[in-house]
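Chain residues, written in single-letter form:
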Amino acid sequence: MRRRDHNIFANATSLLICGLLAGVVVAAAAFPAVAMSGLAAKAGGETFASLPSELKAATTPQISRIFAADNKTQIAVFYDEFRSEVPLKDISKNMQNAIVAAEDHEFFAHNGVDLKGVARAFVNNKSGKAQQGASTLTMQYVRMSLAYSATNPQEVVDATKDSPKRKVTEMKYAMQVEKELSKEQILEHYLNQAPFGNSSYGVAAAAQVYFKKKPKDLSVAESALLASMVKAPTAFNPTTASGYPQALDRRNYVIADMLELGYITPADAKKATATKISRTVQNVGNGCVSVKTNSWGFFCDYFYRWWLGRDEFGATTYDRERRLKGGGYRIQTSLDIKAQNAARANISDKIKDKDKNALLLAAVQPGTGKVRALATNRKFKLDDSDNKLSSDPAKRKKKIKSTYPNTTNPLMTGGGDIDGYQAGSVFKMFTMVAALENGFPLAYSINAPAKYISKYIVGPGPSTCNGKYYCPSNASASEAGVFNMWTGFGASVNTFFVPLQERVGAEKVVDVAKRFGVQFRSQQDYDYANDKASAHQWGAFTLGVSASTPLDMANAYATLAGDGMYCTPTPVEQITTMSGEKLDVGKPHCTRATSPDVARAAIDAARCPVGDQAQLGTCKGRTAPAARSIIKHPIYGKTGTTDHDKTASLIIGSSSLAVAGYLVNPDWQNHTDRMEHSIVNPAVWETMRDYLKGTPKVQFKKPGSKKISIGDQRSIPGVECSPIDSAISRVENAGFNASRGQEVESNCPKGTAAGTNPSGKTIKNGYVSIEVSAGPKKEEKPDDKKPDDKPDEPDRPRGR
């Protein structure tokens, strides 16, 4: 701070007089009869000298502004006091002159205390006339600074209550401030701190609220109105019936004083006085309910919850909220406007906002964890007056309202009372990763029956057989047969993945899900996931019975494209303080979740469900076959459906984005509707298409070793025309698992081994089916020939 030159004799005289006046002021309040006695003056001088004079540095609360990833598009503002400080050079000279005319004519002449004004106020107040304060601009600045630097409520009261002690304290501080700051600096601080009513603090905020302009552009009339309001912002509020006439009179009074002080010409004064005062102001939104575009509200809320959960911003959520709403931060978030708008538009094309079912989309960038989009067919709104009663009968009975069309619940991200939703077979990815980590290659084959009798012990239920065992089946009886990870994942075969999980260990699959970011928010899921014995018996885990959110699973699949690096989801690109310091908070925090080769191999198999081609193996069966042809970029992903179609999900990933979509009923998950992939699937793949449009096609990397895809290949012995039992024994002795397979036509005698499936080579310990000969193919007569077979029907979506 710059020290101004002062005349030492003038300062000494001021101190002496202020000390004497202090005694008079204090005595007048306590003992009016002795107010002018020498004893009072002597005591006042001693008291004044003992008062502190070093004013604590005060930081006024300022607006924090939230921007999209482009760092240009403003999403929202957060504030306790709507204020944004500006330098004096950016404040109209009209405004500077107006505040001096309104509050302190002698501002440029006194040394912090207007001695004549104090004496005049004392005499006037004791005579019973209208009360006068005699506070200079410097003293008012001191008062505001003391309040803002207070560390407890009592200090705020002491700084602002109308008392002789407060006035004397202000005098002492004001004189010290005048030694340390120039008049221009004091004026700048004052104009940035002063309250102007209608939630505006500081002249920059006031200029925006009242006139929708910058403070450097304020006219004489506008400046006079603002200057007139600091004395009593509520009483002089022009937007109220009682305040308007008082505001008009007070403004004109300030204009007259500006003329008297020579700041304006008579013509300026006449023009300013004739200017009408608007009765309306621009209400400035605050927080996520006031975002520029409503669909951005859910992302804004995710950011807000993220901030409140960060210890770096304070010890308690209250402290963190105060920091956000008063710290004056510029926050560049990770929200990609292109992805967000595409997601919301594609959702709106598929489902109405007033539908009780919610289509939830979340998008995450691989390798960083940056959340790029959060969208749903809901309005982000606190007012639920338009909402119907909940579709959950128990909630409806209690008159609890639904979440449609308006809600602020974190539907896509979880938290609060949102634990998540069962998502179905998208969880099979965790089983595949666990298998690859434990030496099972992509080519590992299993003979998947129509119904599998596992060794998982469960209670009574529709999937229980033999009294106690978990026995899942497939979405279609046609899915029985020999599958590997490419074909089993592509066709979403339950009876392939449950035995695969059994062989790997369900607790290892659960551990992969943890490493990939599944939160296990519900208490039951958490207890299962964090008890090894329980996790080991969690047979249905691979079929997605644990609750998750679209954000959880988008980020889990993004971990694959991130070459096995899990990155904690973050809504932030950069946080910058008022002073320009860039904080290292919210930057990507990534840990190794699995090896690059495992991640690359898993992606190769995950290309099958979404209509893409594997680079290391062969796809057969696709549950979302149209995705690749629509997106026209290399992609991977998986569909999912829960029992009775209560949830439908689809996740699609590329090298630059992973998008997860869930179709759910967030109010009642045990509903009776059947969720349709015809709604969720297009919303996901069209969002990915729109995001990738115009970008180069990026192919996925292959694993460094072929072993992770094809494993330890061994030759399968020839068994043609051997008895079945002999063929099985021979194959098993060669290091494979073998069993009787289906009948096929061959030249071998009927009932003997026709060959093996696969033939030639397969992985060590892999499954080999012994095909049974049905005898040679019969020759058809020309009349017996049938028309050509119909072309294969496209694969239909299967959820399990």
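What counts as what
- Residues numbered from 1 in each chain as written.
- Predicted model: local features only at pLDDT ≥ 70, side-chain atom pairs only at ≥ 80, totals over all residues.
- Heavy atoms only, no water.
- Buried < 20%, exposed > 50% of the residue type's maximum accessible area, 1.4 Å probe, protein only.
- Helix = DSSP H or I, 4+ residues; strand = E, 2+ residues; numbered from the N terminus.
- Pairing = 2+ DSSP bridges.
- Contact = heavy atoms within 4.5 Å.
- Axes fitted to C-alpha atoms, helices over the stretch in contact; angles between N-to-C directions.
- Core = buried A, V, L, I, M, F, W, Y, C linked by side-chain atoms within 4.5 Å.
- Phe/Tyr/Trp six-rings, centres within 6.5 Å; stacked < 30°, edge-to-face > 60°.
- Lys NZ or Arg CZ within 6 Å of the ring centre and 35° of its normal.
- Disulfide = S-S within 2.5 Å.

Caption draft 1: Here's a closer look at the pairing of strand β27 (residues 767-773). Of all the 7 residues making up β27, 7 are buried; the element is thus mostly covered by neighbouring parts of the structure. Because side chains alternate across β27, one face comprises the buried residues Tyr767, Ser769, Glu771 and Ser773, and the other comprises Val768, Ile770 and Val772, equally buried. Summarising the sheet, strand β24 (residues 737-744) and β27 pair through 6 bridges and their orientation is parallel. Looking at the pairing, Arg740 lines up with Ile770 of β27.

Caption draft 2: Here's a closer look at the sheet that holds strand β2 (residues 74-78). The sheet built from 5 strands is open, its strands ordered β2-β1-β5-β17-β18 with mixed pairing. Sheet topology places β2 and β18 (582-583) at the edges, where each strand pairs with a single neighbour. Bridge count for strand β17 (residues 572-576) against β18 is 2 bridges, and the pairing is antiparallel. By the bridge assignment for β18, Ile575 is matched with Leu583. The strands touched by helix α13 (residues 297-308) within the sheet are β1 (64-67), β2, β5 (330-333) and β17, with β2 carrying the most contacts at an inclination of about 45°.

Caption draft 3: The arrangement of the nonpolar core in detail. The biggest cluster of nonpolar side chains holds 103 residues, and the ones touching the most others in it are Trp307, Phe430, Leu500 and Met553. Here the element with the most residues in this core is α13; it accounts for 9 residues. Excluding anything up to four places from it in sequence, Met553 contacts Val426, Phe427, Phe430, Val518, Ser548, Ile651, Ala660 and Tyr662. The next biggest cluster of nonpolar side chains, apart from the first, holds 60 residues, and it includes Phe82, Ala221, Leu226 and Phe236.

Caption draft 4: Representation of the sheet that holds strand β7 (residues 371-376) within the structure. Pairing is antiparallel in the open sheet, where 5 strands are placed in the order β7-β6-β22-β21-β20. What marks the edges here is a single partner per strand, and that holds for β7 and β20 (636-641). Strand-to-strand twist across the sheet, computed as the mean angle between neighbouring axes with direction ignored, equals 10°.

Caption draft 5: The packing of aromatic side chains, seen in detail. Considering all chains together, one arrives at 24 aromatic pairs under this definition. Relative to Phe303, the ring of Phe78 has its centre 6.3 Å away and its plane inclined at 55°; by these criteria the two rings are tilted. In this pair, Phe78 is assigned in strand β2 and Phe303 in helix α13, connecting sequence segments 225 residues apart. The exposure class of Phe78 is buried, given its relative accessible area of 2%. Judged by relative accessible area, which is 1%, Phe303 ranks as buried. Every member of this aromatic cluster is reached through a ring pair, and the members are Phe78, Phe303, Tyr304, Trp306, Trp307, Phe313 and Tyr329. The lysine or arginine in question, Arg322, covers the ring of Tyr318, its NZ or CZ lying 4.8 Å from the ring centre. Taking NZ or CZ as reference, Arg330 lies 3.8 Å from the ring centre of Phe67, over its face.

Caption draft 6: Summary view of the state of the cysteines. Applying the stated criterion to the full structure yields 5 disulfides. The disulfide partner of Cys465 is Cys471, and the S-S distance across this bridge is 1.6 Å. Residues Cys465 and Cys471 share a disulfide whose torsion about the S-S bond is about -45°; that sign makes it left-handed. As far as the burial class goes, Cys465 and Cys471 line up, both buried. Disulfide pairing is shown between Cys721 and Cys748; the S-S distance is 2.0 Å. Judged by the torsion about the S-S bond (-80°), the Cys721/Cys748 disulfide is left-handed.

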